[in-house]
Amino acid sequence: AMVFSLFIATLSVIVCIAVGLPAAYGIVRSGTPLARLLEEVTLLPLSIPGIAMSIGLIQAYALVRGQWWLILCGHFLYTIPFMMRVLVGALRSFDTQRLKLAAQSMGANRSQQLWFVIVPNLRHSIVVGALLVFAISWGEFNVSYLLNTPLHQTYPAALYATYTANSFAVSSAATTIFLAVILPALLALQWLGGREFTRLEQAA
């Protein structure tokens with residue numbers, strides 16, 4: 001269960017960066033009412049109870065229930081709002097258009113402008129978002145509770161099982177393992193978060 005949770009949390013980080021980075025860039029670059037509407041839509045999963053989201057995924061993808069990637073979908077839907085909030089806030093904190101024009105004046109094409117000018121300015125925010133997504137995915141219980149199977153079970157679900165079926169000593173040991181993984185991520189997040197993390201707390 002611990003290995004599977006680490007696998008899901010790591011994939012959640014990768015998918016959130018792959019989807020969130022271009023989406024956040026497109027929203028900030030566009031600046032249209034539709035883009036702002038899409039920005040708000042990305043926050044909707046936070047207003048839906050985890051159990052309701054799990055049931056929705058099960059009903060929509062009943063034929064593939066039990067597949068590990070369905071659990072990943074649940075974690076992605078719950079964590080992408082946090083990645084988007086961090087990246088959108090970071091992109092709005094500096095003048096991307098001026099940076100692009102400066103790079104363009106030196107011969108950089110659109111791809112080079114993005115990967116060698118915009119992304120380096122987002123490295124700090126990407127790391128903060130990645131730590132936040134990892135911490136949330138590692139400790140997530142509600143979304144994946146109904147999606148778990150005997151073959152694919154996240155660590156929080158296994159931890160819950162220890163409290164209902166095992167002794168206090170076993171439960172305490174399992175909790176210690178859980179904290180041993182999450183605490184370094186939270187400490188790194190607190191250390192690196194800075195103003196981005198503060199803005200995220202105020203917006204939540």
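See above for the structure.
These numbers were taken from a predicted model, which means no experiment stands behind them. The written sequence of each chain sets the order in which its residues are numbered from 1. Side-chain atom pairs in this predicted model are given and counted only at pLDDT of 80 or more, local residue features only at pLDDT of at least 70, and totals for whole chains, interfaces and linings cover all residues. The basis for the side-chain values is all heavy atoms of the structure; hydrogens and waters are excluded.

A.B. asks: Sorry, what's going on with the overall build of the chain here?
C.D. replies: Counting secondary structure elements, the chain contains 10 helices and zero strands. Helix and strand assignments come from DSSP, with helices taken as H or I runs of at least 4 residues and strands as E runs of at least 2, each series counted from the N terminus. Tracing the chain from N to C terminus, the helices and strands come up as α-α-α-α-α-α-α-α-α-α. Considering only C-alpha atoms, the chain reaches an extent of 65 × 40 × 30 Å along its principal axes. Among the 204 residues that make up the chain, the fraction classed as buried is 40%. Counting every atom, the chain has about 11,300 Å² of accessible surface; 67% of that belongs to carbon and sulfur. When charges are counted, neither His nor the chain ends are considered; positive counts come from Lys and Arg and negative counts from Asp and Glu. Taken as the charge location is NZ of Lys, CZ of Arg, CG of Asp or CD of Glu. Considering the chain, the positive charge centre built from 11 side chains and the negative charge centre built from 6 side chains are found 9 Å apart. Exposed residues in this analysis have more than 50% of their type's maximum accessible area, buried residues have under 20%, and partly exposed residues fall in between, with area computed by a 1.4 Å probe over protein chains only. Using the Shrake-Rupley algorithm and a 1.4 Å probe, accessible areas are obtained, with residue cover drawn only from the displayed protein chains.

A.B. asks: Would you mind going over the pattern of salt bridges with me for this structure?
C.D. replies: In the sections that follow, a salt bridge refers to a side-chain nitrogen of Lys or Arg positioned within 4 Å of a carboxyl oxygen of Asp or Glu. Taken as a whole and assessed by the stated rule, the structure comprises two salt bridges. In this structure, Arg85 engages Glu39 in a salt bridge whose closest nitrogen and oxygen atoms are separated by 3.7 Å. Taken together, the residues span a long stretch of sequence, with Arg85 in helix 4 (residues 68-91) and Glu39 in helix 2 (residues 33-41) at a distance of 46 residues. Among the residues examined, Arg85 registers a relative accessible area of 25% and is labelled partly exposed. The residue Arg92 makes a salt bridge to Glu39 at a minimum N-O spacing of 2.8 Å. You can see Arg92 sitting in the loop between helix 4 and helix 5 (96-105) and its partner Glu39 sitting in helix 2, a full 53 residues away along the chain. Residue Glu39 is classed as buried on the basis of its relative accessible area, which comes to 6%. One salt-bridge network, held together by shared partners, links Glu39, Arg85 and Arg92.

A.B. asks: What exactly am I supposed to notice about the state of the cysteines here?
C.D. replies: Put plainly, two cysteines are in a disulfide when a covalent bond ties their sulfur atoms together. By convention in this document, the label disulfide applies to cysteine sulfur atom pairs within 2.5 Å. Counted under the stated rule, the structure contains zero disulfides. Its sulfur unpaired, Cys16 is 11 Å from the next cysteine sulfur, which belongs to Cys73. Under the relative-accessibility criterion, Cys16 is labelled buried at 0%. The class of Cys73 is partly exposed, set by a relative accessible area of 28%.

A.B. asks: Teacher, can you tell me more about the packing of helix 4 against helix 7 (residues 123-139) here?
C.D. replies: When two helices pack together, their arrangement is captured by the angle between the axes and the distance separating the axes. Convention adopted: a line fitted to C-alpha atoms gives each axis, helices being fitted over their contacting stretch, and angles between N-to-C directions are expressed from 0 to 180 degrees. Two elements in contact, helix 4 and helix 7, have axes whose closest approach is 9 Å; the angle formed by their N-to-C orientations is 160 degrees. Judged by the inter-axis angle, helix 4 sits roughly antiparallel to helix 7. Considering only the axes of helix 4 and helix 7, their crossing is right-handed. Contacts between helix 4 and helix 7 involve His75, Tyr78, Thr79, Phe82, Met83, Val86, Leu87 and Ala90 from the first element and Ser125, Ile126, Gly129, Ala130, Leu132, Val133, Ile136 and Ser137 from the second. Classifying every residue of the contact of helix 4 with helix 7 gives 11 nonpolar, five polar and no charged. For classification purposes, an angle smaller than 35 degrees is called roughly parallel, one larger than 145 roughly antiparallel, one from 65 to 115 roughly perpendicular, and anything else oblique. Crossings are classed by handedness, with left-handed meaning an anticlockwise turn of the near helix from the far one by less than a right angle and right-handed meaning a clockwise turn. Note on contacts: a residue pair is in contact if any heavy atoms of the two residues lie within 4.5 Å. Just so you know the grouping, Ala, Val, Leu, Ile, Met, Phe, Trp, Tyr, Cys and Pro go in nonpolar, Asp, Glu, Lys and Arg go in charged, and all remaining residues, Gly too, go in polar.

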